[in-house]
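# Structure at a glance
Listed below are the residues making up each chain.
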Amino acid sequence: MDEGARAGEHAGVWSGSWVAERLGVGIAGDDALTGMLGLALRRNPKRAHLLVSNVLGKHVPQSPSVVYGHGLALGRRVRGLLGAEEAGRAVVLGYAETATGLGHSVADGLGAAPCLHSTRRPVAGAVPAGGFEESHSHATSHLLLPEDPALLAGDGPLVLVDDEFSTGNTVLNTVRALHERYPRGWYVVVALVDMRSAADVGRLEEFAREIGARVDLVTAASGTVRLPEGVLEKGQALVARYEAEGPGAAGPPSSTPSWPVERFPTPVDLCWPSGLPDGGRHGFTPAHRARLESALPGMAARIARALPAGARRVLVLGFEELMYAPLRLACELERTAGAEVRYSTTTRSPVLAVDDPGYAIRTRLVFPAHDDPADGPGERYAYNVAGGGFDAVVAVVDSAADTPALHAPDGLLARLAAHVPHVLLAVVPSYVPGSPGSPHAPERPPMLPEPLRGPAFSSYAPDEVGWLLQDLSEVTLEAPTEEREEAIQRGGAHYAESLPVEYQPSEQYQELFHAALEASAARLARAVGAVTEIVLTERSPRPVLVSLARAGTPVGILMRRWAQYRHGLDLPHYAVSIVRGRGIDANALRRLAADHDPADVVFVDGWTGKGAITRELAAALRDFEVSDGITGFDPEIAVLADPGSCVRTYGTRDDFLIPSACLNSTVSGLISRTVLRADLVGPHDYHGAKFYRELSGADLSRAFLDAVSARFPEVADTVDAQVKELLAADRTPTWEGWAAVERISEEYGIHDVNLVKPGVGETTRVMLRRVPWKVLARAGAGADLDHVRLLAEQRGVPVEEVAGLPYTCVGLIHPQYTRGATGADGRAVTR
C-alpha cells in the first residue's frame, strides 16, 4: 500500500464503500458520519459488520490532537449540560477497551472530574465494585476495580463514555447493575456516534422512568446503520472466503524489508512519576492528572531524543486498555517534535483486513497476547500499521505486558520491526492498588474558591465583577518605589512580588482627574460601546468578560453595563491576574473552564502599549493548553484603545487619556495591583491582591463608572456608525507600537524595551509606580497630558517634546536605577 492510500486518508473514497457495495450495509445521518466512520467485517457470530472510527485512535492511526480534541469537546458539552455545581460532583466511567482513552479525555474536558474505566484484566488484591456484560462484543465481561470504593458510591452525576451507542444494551446493563448498589439521580451517556435504530431510541427514556433517574445522551454525530436481511450470514461467508485465500495483508510481509530488521527495540526510559497510575483501571483523579501534565514534556522529550534522525512520520502505538497515557505522550510529541505523529493502539478485536481504499482496515498484524490474560492465550492485532509509511513506531505498554511473549520472534515487537524501520519500546509501570506512593483514597486537589466580590472585597457592587484572586489585605507588601526599582533592575526581585506605596493625589491632581473625566466621558462611552458591539458581533453573542486586573476591571464593568443598557444582557464578568514574565493565573483559567465554555471568554484590558501583555497572554494560553489539555480560550484581548496596533478588537486606536489611568486603587474598586510570590501563592491558589478599605474616603471607582455610563444614551447613534466603520475596516495588527518602542530604546541608549512605556496610560503608570527618567511628549499634545506634566513637575522629571512621535507620550524608566543615581539630566546612564 503506497503512502497516499493509507487507511482513512485516501482522498475522495469513503472507507466504508467496499462493505456497502458487497453487503448492502450503509450508514445515514449527520454529514460528519462518513468522515468519522468507515466499515469493516469481523469474525463475530453476533455481528458481521464493524463501525471503524477514524477519530478514536484504536484501529485507524490518527493525529493525536484530533483524537484528544474529540473527547475534550464532548466533555465540555457535558459540563455545559450539568452546570458548574453538578459537574464538580461528577464521576466519569469509560468502557474497556476501546473507550478507555475517550473516557479520560471526556473527564479532562469536564474539568475536575475523577475517571474510572472498566477492565477485562483481574488484578490481584483489587476487590470488584461491580461488573456488567457487553452483549454484542467478542469479550463480554467488564470489571470495575476502583482503588477508592467511594469513587462510585457518591450521588453526583455518573458520566458513561463509549465509542459508539448502537443498541443501548451495554449502557442499560451498566446503569442497572450500578443503580442497584449506588443509586443516583442523574446519568449522562457520552459517545462519539449515536447509531441506534428507531426501535432503540425510546428505550433510554423508558429505562430512565423505570429507575426514577434522569438519563441524558451527548454525542458528536448521530445516524443509523442499514442492515439488509441476511447480512450476518453473508458477512460471515465473505470473511471466510477472504481468509481462506490466505493471510494477504494480515500476516508477515511477503517480501524482505529494505532495511535491516532490528533484533531488539530501542528502549526509552520515560521516568514515569512514582506512584502515578498508568490509567483509570483503579481510578484517575484530578491530582493524578496534574502530575501527568507536569511530567509529559520531559517524557515526550526522552522519546524525541530516541527517535532516529530524520524520522518524518512516527506512530505512537498504545496497548489495548492502555490508551490514555500513550495518547497524551503522542499529543506532546506532536506538539514538540518536527515529525508527523500518528496514534493508535493494539486490540483484541478480530477484523478482516482488505487492502482497498474503500475498506477501513487495510492491513493487519497478528501476534500472541503478551499480558498473561485471564481468559487464556489468544491472538491480538494491530491494524493499518503495515504499509502506513511510518519511519518509526513507539510501542507503549504497561509493565504487566512487558513479558517474553512481547519480545518473542512472533511477538508484537518483531511484527512491527518487519514493517517499520525503527521500533522503540516505552514501558509504563502498572499501577498496583495499595502500593507505596499510592494512598488508598487518592488525593484530590482542593476545589478552587468562589470569586471574591464586593463589598467584602472591592468597592464595586457584587454583580459587577467577581475577582478570581485571594485576599492578601492583611499582608504587608508595600515598599518604597525607589527600593523596589533597584531590586527589580538588579534582578533580585520581580515587580509582582511587592507593591508600591499607593500614590495619594494632591488636591490639584484630583481636580485634573475630574476635569479630564468631564472632558472625556463621552469619548470613553463611544469607545466602550464600540468595543462591546464588536465583541457581541464577532466573538460571542453571550460573552464571558474576563478583565486583566486591575486596569482592565473598570473597562470590563463598563462593557458589561453597555451590554445591559443596549441589549438587556446580564453578562458574567471576572477579573484575573496576569503577570509579565510569569503568565496568566492558571487556577483562574481552570475555574473559568469549569464554569463556562472557554470559547465564550473574552479577555479585556484598558489599552495596549507596545503589546507585551498581548504576547504574554498568547504564550500563557498555549502553555495552559499543553499543561491542562483545555483548549478554546482566545488570546485576542478586547481593549478600549489600541494605540500600539496590537489587537483586532478595540474601540479606538487613538492614544488619548483614559481617566482611570490617572489613579491607582481609588479608581479600581480599592484593589491593589496583583501579587505573585511563592511564599504567599501556592500551586492551588489564585494570585493575590489587597483591598485598601482604609482609602474608602477617597474612592472614585463608582463615580468614574457612573460618569461614563451616564453618557451611553447620547452616544448610541454615534456608536452604531463607528461600529459599522470598524467592522468594514482592515483591523489587522501592525505592531507599530512595538517597532516604535524598539527604536526609542536604541535611540535613547536604554537597550531594554521593558523600560520604555508608550502611551498616556503607561506613562501615567511610570509616574505613579516606577522611577521615571524622562517623558517624551508628542509636539503639540494638549490637555491629554496635563496630569502627566503635573506629575513630572512634582517628581522633577523632564518632559521632552518630540516631533512625529507615534504616541501622545512615552514614559522612560530610569535605565540603571540605584538610589545614588541622579537621573534627570537628559542623558542615558551607561551600563
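As a starting point, this report considers the structure included with it. (Residues numbered from 1 in each chain as written. Predicted model: local features only at pLDDT ≥ 70, side-chain atom pairs only at ≥ 80, totals over all residues. Heavy atoms only, no water.)

## Comments concerning the overall build of the chain
In terms of regular secondary structure, the chain is built from 23 helices and 32 strands. Counting across all 831 residues of the chain, residues that qualify as buried make up 60%. Pairs at least 24 apart in sequence give 77% of the contacts found in the chain among residues at least 6 apart. (Helix = DSSP H or I, 4+ residues; strand = E, 2+ residues; numbered from the N terminus. Buried < 20%, exposed > 50% of the residue type's maximum accessible area, 1.4 Å probe, protein only. Contact = heavy atoms within 4.5 Å.)

## Here's the deal with the environment of Ser-197
As for its position among the elements, Ser-197 is in the loop between β9 (186-194) and α7 (198-201). Judged by relative accessible area, which is 32%, Ser-197 ranks as partly exposed.

## Quick look at the sheet that holds strand β8 (residues 158-165)
Read from one edge to the other, the open sheet built from six strands follows the order β1-β10-β9-β8-β4-β5, with strand pairing classed as mixed. Because the sheet does not close on itself, it has two edges, and the strands there are β1 (26-29) and β5 (115-117). Pairs of neighbouring strands in the sheet enclose a mean axial angle of 30°, with direction left out of account. With seven bridges connecting them, β8 and β9 associate as parallel partners. For Glu-164, the partnering residue across the bridge sits in β9 and is Val-193. (Pairing = 2+ DSSP bridges. Axes fitted to C-alpha atoms, helices over the stretch in contact; angles between N-to-C directions.)

## Some thoughts on the nonpolar core
Residues Trp-467, Ile-584, Phe-603 and Phe-633 are the most contacted members of the largest nonpolar core, which totals 104 residues. For this core, the leading source of residues is helix α15 (residues 507-539), giving 13 residues. Apart from residues no more than four positions distant in its own chain, Phe-633 is found in contact with Leu-589, Leu-592, Ala-593, Pro-598, Val-601, Phe-603, Leu-621 and Phe-624. (Core = buried A, V, L, I, M, F, W, Y, C linked by side-chain atoms within 4.5 Å.)

## A word on unusual backbone geometry
A cis amide bond links Ala-96 with the next residue in sequence, Glu-97, at an omega value of -5°. Put simply, Ala-549 and Arg-550 share a cis peptide bond, and its omega is 0°. As for its placement among the helices and strands, Arg-550 is situated in the loop between β22 (544-549) and α16 (552-567). Its identity is not glycine, yet Cys-271 carries a phi of approximately 55°, on the positive side. For Cys-271, a relative accessible area of 43% puts it in the partly exposed group. Positive phi outside glycine occurs at Ser-458, with the angle close to 95°. Structurally, Ser-458 is set in the loop between β17 (422-428) and β18 (466-467).

## Topic: the side chain of Glu-97
Within the fold, Glu-97 resides in the loop between β4 (91-94) and α4 (100-110). Classification of Glu-97 by relative accessible area gives buried; the value is 5%. Here the side chain of Glu-97 touches Arg-348 through a polar contact of 3.4 Å, landing on its backbone nitrogen. Glu-97 has contacts with Lys-58, Arg-120, Glu-320, Glu-321, Met-323, Thr-346, Thr-347 and Arg-348, leaving out every residue within four places of it along the chain. (Polar contact = N/O pair within 3.5 Å; in protein donor to acceptor, adjacent residues only side chain to side chain.)

## Regarding the packing of helix α17 (residues 586-595) against helix α18 (residues 612-628)
At a closest axis distance of 11 Å, the pairing of α17 and α18 adopts a crossing angle of 70°. Judged by the angle between their axes, α17 and α18 are roughly perpendicular. For the pair α17 and α18, the sense of crossing is right-handed. Where α17 approaches α18, its residues Ala-586, Leu-589 and Arg-590 are matched on the opposing element by Leu-621, Phe-624 and Asp-628. Classifying every residue of the contact of α17 with α18 gives four nonpolar, no polar and two charged. (Parallel < 35°, antiparallel > 145°, perpendicular 65-115°, else oblique. Left-handed = near helix turned anticlockwise from the far one by under 90°. Nonpolar A, V, L, I, M, F, W, Y, C, P; charged D, E, K, R; others polar.)

## A word on the packing of aromatic side chains
The full count for this structure, using the stated rule, is twelve aromatic pairs. Taking the centre distance of 5.9 Å and the plane angle of 75° together, the rings of Phe-284 and Tyr-324 count as edge-to-face. Linking Phe-284 in the loop between β11 (266-268) and α10 (286-306) with Tyr-324 in helix α11 (residues 324-336), this pair joins segments that are 40 residues apart in sequence. Using a relative accessible area of 3% as the deciding quantity, one classes Tyr-324 as buried. Taking the ring centre of Trp-735 as reference, the NZ or CZ of Arg-615 above it sits at 4.5 Å. Here the basic side chain of Lys-774 rests over the ring of Trp-773, its NZ or CZ set 4.8 Å away from the ring centre. (Phe/Tyr/Trp six-rings, centres within 6.5 Å; stacked < 30°, edge-to-face > 60°. Lys NZ or Arg CZ within 6 Å of the ring centre and 35° of its normal.)

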